[in-house]
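Structural description and commentary
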Amino acid sequence: MIRVLLADDQALMRAGFRALLDAEDHLEVVGEATDGTSAVHLSRCLRPDVVLMDVQMPGLDGIEATRRIAADPDLAAIRVLILTNYGLDSYVFAALRAGASGFLLKDADPADLLHAVTVVARGDALLAPTVTRTLISEFVAGPPPTVPTAGRDVLTAREQEIVELVARGLTNDEIAARMVISPLTAKTHVNRAMTKLHCRDRAQLVVWAYESGLITPRRR
């Protein structure tokens, strides 16, 4: 059973999400938050597996609420899935940087929402390769960082190569084919890199790769 917390200031949206999720045998809505402050509080009290987090809420917004949840060691098992009306805009990358495991548009098909919750709950990032490439193009294609993020020296040369391919949007199977290794070996390298860099998931690895200066986004 995947336990879900809804965080949205619109009662109609919460009711729709609850009806959709509760209709599934493997999903259970355990609470509803109307703003970011209550989302953080209920996360600590209810310990859901996934928080469906709206971006724009009164008071504490969804980005800051996500940051507080991700920064709390006691809530390390909680995954945040950002919901937005705004598509691939600056909110998305800010959310990933804050610690979100992925994002979904509010007008997505119901099947996509159900799939997203399941994917995030098992610890994967909701970042398909095409989405990753769009994020890179839209939000990270700025000047390279003047001061690289610390931590690159903890990665082996092979792990740095793996992380670069992850950040370019390749799946484990595609990385395996590119490097002539097995998909299991590729996954092992990715997991080791995440452990060394203290990244919660694949989404955080993508953010780290660009903010550290490991790779530079290609200009359009």
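Residues numbered from 1 in each chain as written. Predicted model: local features only at pLDDT ≥ 70, side-chain atom pairs only at ≥ 80, totals over all residues. Heavy atoms only, no water.

Further remarks concern the packing of helix H7 (residues 157-167) against helix H8 (residues 172-179). Where H7 contacts H8, the two axes come as close as 10 Å, and the packing angle between them is 130°. If you check the angle between H7 and H8, you find them oblique. For the crossing formed where H7 meets H8, the hand is right-handed. Residues Arg158, Glu161, Ile162, Leu165 and Val166 of H7 form the contact with H8, whose own contacting residues are Ile175, Arg178 and Met179. Tallied by class, the residues present in the contact of H7 with H8 amount to five nonpolar, no polar and three charged. (Axes fitted to C-alpha atoms, helices over the stretch in contact; angles between N-to-C directions. Helix = DSSP H or I, 4+ residues; strand = E, 2+ residues; numbered from the N terminus. Parallel < 35°, antiparallel > 145°, perpendicular 65-115°, else oblique. Left-handed = near helix turned anticlockwise from the far one by under 90°. Contact = heavy atoms within 4.5 Å. Nonpolar A, V, L, I, M, F, W, Y, C, P; charged D, E, K, R; others polar.)

When you tally the buried positions in strand E1 (residues 2-7), you get five out of six residues, the bulk of the element. Summarising the sheet, E1 and strand E2 (residues 27-33) pair through six bridges and their orientation is parallel. Bridge pairing links Ala7 to Ala33 in E2. One crossover worth recording links E1 to the parallel E2 by way of helix H1 (residues 11-22), and it is right-handed. (Buried < 20%, exposed > 50% of the residue type's maximum accessible area, 1.4 Å probe, protein only. Pairing = 2+ DSSP bridges. Right-handed = clockwise from strand over helix to strand, strands pointing away.)

With that settled, consider the side chain of Ser212. Its place among the elements puts Ser212 in the segment after helix H10 (202-211). For Ser212, a relative accessible area of 0% puts it in the buried group.

So, about the environment of Thr171. Mapped onto the secondary structure, Thr171 falls in the loop between H7 and H8. Thr171 sits 16 residues away from Lys187 along the chain, and the two C-alpha atoms are 9.3 Å apart.

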